[in-house]
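Chain residues, written in single-letter form:
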Amino acid sequence: MTDQAPDGEYDAWLDSIEAGEGYYLECGNGHGWLPPRRVCPQCHDRDLSREGLPDSGEIASHTTITVPTPQFEDDAPYVTAVADFGPVSVTGVVRGADPADVALGDVVGLEVGERATTGDRLVVFRPR
Amino acid sequence: MSDPRIAGAGVTNFGKHPERTGRDLFAEAGLEALDAAGVDPEDVESLYYGNFMGELAEHQGHQGPLMAEAIGLDVPATRVEAACASAGAAIREAVKTLRNGESEVVVVGGAERMTNIGTAAATDALAIAADDLYEVRAGMTFPGAYALMARSYFDQYGGSHEDLAHIAVKNHEHALVNEHAQIRKEITVEDALEAPTIADPLGLYDSCPITDGAAAAVLTTEEYAAEHDLDAPVAVTGTGQGGDNLALQDRPHLAQTPAADKAAEEAYADAGIGPDDVDVAEVHDCFTIAEVLAIESLGLYERGEGISAARDGKTTRHGDRPVNLSGGLKAKGHPVGATGVAQLATIAWVLDGSHPRADAVPDGTVGVAHNAGGTVASTTVHVMEVKE
Ligand SMILES: [Zn+2]
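Residues numbered from 1 in each chain as written. Chains lettered and ligands numbered in written order. Predicted model: local features only at pLDDT ≥ 70, side-chain atom pairs only at ≥ 80, totals over all residues. Heavy atoms only, no water.

With respect to the UniProt feature "domain: Thiolase C-terminal" (unreviewed entry) in chain B
Alright, step 1. UniProt records the feature "domain: Thiolase C-terminal" (unreviewed entry) for residues 240–385 of chain B in the present numbering.
Alright, step 2. Here residues 240–385 of chain B runs as 29% helix and 16% strand, with 15 Å between its end C-alpha atoms. (UniProt positions renumbered as here; feature names shortened; annotations may be inferred. Helix = DSSP H or I, 4+ residues; strand = E, 2+ residues; numbered from the N terminus.)

Right, here's the structure in full:
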């Protein structure tokens with residue numbers, strides 16, 4: 001585990017997922033984003049409200065990474081995926097499934113896990 | 001508005017030169033460009049220099065003045081960083097400076113030293129072009145990001161890994177006669193399909209190599225070129241740049257690159273041409289799927305049709321509109337911060353007839369260069385035309 005200052009709203013967002021209260025930010029026009037955001041990059045609206053993240057998402061794309069960066073050396077091979085939660089999409093690592101069985105459209109839940117190589121916190125998708 | 005002329009260009013041999021310093025690589029390319037241009041070094045008024053990972057690979061920031069000094073110039077020198085599109089963005093700055101009358105002669109270039117830190121550290125360094133919080137910390141690598149885009153493309157439009165293999169085969173074949181290319185080895189579709197997987201569906205032969213190298217060009221105003229009787233028949237007639245959300249998760253499509261659409265539209269409008277006027281293109285094929293996305297964004301193919309262009313022979317040197325006659329990033333190599341200017345040099349040499357693959361487009365007068373950063377959150381497009 002690297003001993004360094006937390007990354008503000010990002011680490012607070014991970015805390016919220018760990019507490020079962022995951023959220024996203026929504027502008028007045030319904031555009032969804034993950035923190036930190038002070039303005040909607042799509043419509044300039046600065047009035048962003050916290051909304052609860054949907055309980056599950058669908059795998060929008062995935063890849064099994066066999067050549068990792070050194071920070072993921074002991075994790076490889078692993079599946080990195082983008083999952084569509086409706087108002088926002090999230091990037092994470094799929095756990096609890098054989099990489100060969102991961103498919104587009106799979107329904108996954110969101111949790112915080114640990115990177116095997118470094119012990120850092122990690123966004124994890126688990127098949128529902 | 002006058003169109004800047006490409007007075008001369010130089011590139012180092014691309015490849016593994018772990019012992020060569022960035023400043024020496026750039027000095028070779030820069031001095032070659034100055035010699036080819038035949039301009040008095042005293043006339044050069046500024047340097048725009050592309051570099052991406054100098055801090056990580058060489059523990060060297062503040063590379064602008066260092067590189068000006070390396071080519072014997074005492075001029076305002078600015079490093080431009082836009083990941084893999086750093087040199088394309090540097091070209092754009094040079095073009096704007098020449099057009100607005102700020103300068104008459106500008107050197108533009110880029111260099112990257114990468115192999116000295118090894119594959120693992122280079123993979124790590126390349127990954128920082130992605131969103132650190134939301135992508136890199138979720139294990140995203142540079143090939144991994146393009147693998148996500150490739151899978152999404154296949155799902156949305158069809159196509160297969162075999163279609164991508166044809167792009168690798170084409171670009172390897174194009175590079176066979178390019179003495180600057182890192183990889184000069186013919187491969188087959190079977191070789192590409194059987195190569196080890198890096199990030200499925202992408203394998204080793206879908207990926208550009210890790211490369212050391214530099215490229216430079218001397219750009220002048222049209223008036224300066226005429227006054228000094230320079231042999232500079234090719235002009236940069238259009239420039240465009242587009243941006244996008246840095247993280248793939250924040251984009252509405254994973255299989256489209258709107259930053260490149262925007263850059264192409266702007267560059268075409270600037271040059272007063274359309275995609276149908278393009279005779280030859282150098283595009284940013286850091287991965288085979290990237291060539292597909294590029295030629296679609298450039299409007300050379302409809303969405304979903306770029307995937308089969310290489311397989312159908314349309315983008316080979318025998319095709320109606322060759323793409324990546326240099327061998328592309330795939331075979332020529334990808335010294336990140338130099339790539340955009342190496343593309344510009346290739347197009348200039350193809351159009352003036354001096355490139356070994358110029359015979360593919362003997363009557364070609366219009367070329368485009370597409371340089372993309374990260375997962376195409378930055379793209380520059382430049383149009384080049386033969387003027388006389
Ligand atoms: Zn909005």
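Anyway, onward from the coordinates.
Re the coordination of the zinc ion
All names here are of chain A.
Alright, step 1. Coordination of the zinc ion by the protein involves C27 (SG), H31 (ND1), C40 (SG) and C43 (SG), with metal-donor separations of 2.1 to 2.3 Å.
Alright, step 2. Coordination geometry of the zinc ion: the four donor atoms subtend angles of 101 to 118° at the metal centre, consistent with an arrangement described as tetrahedral.
Alright, step 3. Sequence spacing among the residues donating to the zinc ion works out to C-x3-H-x8-C-x2-C. Taken together, the residues C27 in the loop between β1 (23–26) and β2 (32–33) and C40 in the loop between β2 and β3 (49–52) connect sequence positions 13 residues apart. Per residue, the accessibility class of C27 equals that of C40, and both read buried. (Donors = N, O, S within 2.8 Å, 3.2 Å for Na, K, Ca; no water. Tetrahedral: all angles 85-135°; square planar, octahedral: opposite > 155°, others 65-115°. Buried < 20%, exposed > 50% of the residue type's maximum accessible area, 1.4 Å probe, protein only.)

Let's talk about the confidence of the model for chain B
Alright, step 1. In the predicted model, chain B carries a mean pLDDT of 97, and 100% of its residues have values of at least 70.
Alright, step 2. What the predictor reports for the complex is a pTM of 0.98 with an ipTM of 0.97. (pLDDT = per-residue confidence, 0-100.)

A look at the packing of helix α6 (residues 142–157) of chain B against helix α11 (residues 288–297) of chain B
All names here are of chain B.
Alright, step 1. The interhelical angle for the contact between α6 and α11, taken along N-to-C directions, is 65°, at an axis separation of 9 Å. Where α6 crosses over α11, the two elements pack in a sense that is left-handed. For the pair α6 and α11, the contacting residues are Y146, M149, A150 and Y153 in the first and I289, A290, V292, L293 and E296 in the second.
Alright, step 2. Broken down by class, the residue content of the contact of α6 with α11 amounts to eight nonpolar, no polar and one charged. (Axes fitted to C-alpha atoms, helices over the stretch in contact; angles between N-to-C directions. Left-handed = near helix turned anticlockwise from the far one by under 90°. Contact = heavy atoms within 4.5 Å. Nonpolar A, V, L, I, M, F, W, Y, C, P; charged D, E, K, R; others polar.)

Points about the interface of chain A and chain B
Alright, step 1. Listed by partner, the interface residues are 32 residues for chain A and 28 residues for chain B.
Alright, step 2. In total, chain A and chain B occlude about 2,500 Å² of area from one another, counting both sides; carbon and sulfur atoms represent 58% of this.
Alright, step 3. Run the count over chain A and chain B and you get two salt bridges.
Alright, step 4. The salt bridge partner of A:D7 is B:R137, with a shortest N-O separation of 2.6 Å.
Alright, step 5. Counting across the chain A and chain B interface gives 14 residue pairs in polar contact (both at pLDDT 80 or more).
Alright, step 6. Among the secondary structure elements, those contributing two or more residues to the side of chain A that touches chain B are α1 (8–18), β4 (56–65), β5 (78–84) and β6 (89–94) of chain A.
Alright, step 7. Residues belonging to the side of chain A that touches chain B are distributed by class as follows: 18 nonpolar, eleven polar and three charged. (Buried area = accessible area lost by both parts, 1.4 Å probe. Salt bridge = Lys/Arg side-chain N within 4 Å of Asp/Glu carboxyl O. Polar contact = N/O pair within 3.5 Å; in protein donor to acceptor, adjacent residues only side chain to side chain.)

Remarks on the packing of aromatic side chains
Alright, step 1. In the structure shown here, the tally under the stated rule is ten aromatic pairs over all chains.
Alright, step 2. Residues A:Y10 and B:Y134 carry aromatic rings whose centres are separated by 5.1 Å and whose planes lie at 90° to one another, so their mutual orientation is edge-to-face. Here the residue A:Y10 occupies a position in helix α1, and B:Y134 occupies one in the loop between α5 (118–127) and α6, the pair thus bridging two chains. Note on accessibility: A:Y10 and B:Y134 belong to one class, buried.
Alright, step 3. Taken together, a centroid distance of 6.1 Å and an interplanar angle of 35° make the contact between A:F85 and A:F125 tilted. Of the two residues, A:F85 sits in the loop between β5 and β6 while A:F125 sits in strand β8 (residues 121–127), which places them 40 residues apart along the sequence. Here A:F85 and A:F125 have matching classes, each one buried.
Alright, step 4. Taken together, the ring pairs connect A:Y10, A:W13 and B:Y134 into an aromatic cluster. (Phe/Tyr/Trp six-rings, centres within 6.5 Å; stacked < 30°, edge-to-face > 60°.)

Some details on the pattern of salt bridges
Alright, step 1. Within the structure shown, the criterion is met by 28 salt bridges over all chains.
Alright, step 2. One salt bridge in this structure joins B:E55 and B:R79, with 2.9 Å as the shortest N-O distance. Note that B:E55 is positioned in helix α2 (residues 54–58) and B:R79 in strand β3 (residues 77–80), a separation of 24 residues in sequence.
Alright, step 3. The exposure class of B:E55 is partly exposed, given its relative accessible area of 40%.
Alright, step 4. With a closest N to O distance of 3.4 Å, B:E266 and B:R92 form a salt bridge. One end of the pair, B:E266, is in helix α10 (residues 258–271); the other, B:R92, is in helix α4 (residues 86–99), and 174 residues separate them in sequence.
Alright, step 5. Take B:E266: its relative accessible area is 33%, and that puts it in the partly exposed class.
Alright, step 6. B:R92 sits in the buried class, given a relative accessible area of 12%.
Alright, step 7. Connected through shared salt-bridge partners, A:D11, A:D15, A:E18 and A:R121 make up one network.

Brief notes about a negative patch on the surface
Alright, step 1. On the surface, B:E45, B:E102, B:E104, B:E223 and B:E227 cluster together to form a negatively charged patch.
Alright, step 2. Examined against the element boundaries, B:E104 turns out to sit in the loop between α4 and β4 (105–112). (Patch = residues over 30% accessible without salt bridge, like charges linked within 9 Å, V, L, I, M, F, W, Y side chains within 5 Å. Areas by Shrake-Rupley, 256 points an atom, 1.4 Å probe, with all protein chains shown as cover. Lys, Arg positive; Asp, Glu negative; His and termini not counted. Charge placed at Lys NZ, Arg CZ, Asp CG, Glu CD.)

Here's the deal with the packing of α4(B) against helix α13 (residues 339–352) of chain B
Residue and element names in this part refer to chain B.
Alright, step 1. Where α4 meets α13, the closest approach of the two axes is 5 Å, and the angle between their N-to-C directions is 65°. As far as their axial angle goes, α13 and α4 are roughly perpendicular. In this structure, α4 contributes A87, G88 and I91 to the contact, and α13 contributes T339, G340, V341 and L344.
Alright, step 2. In terms of residue class, the contact of α4 with α13 is made up of four nonpolar, three polar and no charged. (Parallel < 35°, antiparallel > 145°, perpendicular 65-115°, else oblique.)

A short note on the sheet that holds β1(A)
Residues and elements named next belong to chain A.
Alright, step 1. In space, the three strands of this open sheet follow the order β2-β1-β3, with antiparallel pairing throughout. Whereas interior strands pair on both sides, the edge strands pair on one side only; in this sheet they are β2 and β3.
Alright, step 2. The pairing of β1 with β2 spans two bridges and is antiparallel. The residue bridging E26 from the neighbouring strand is G32, located in β2. (Pairing = 2+ DSSP bridges.)

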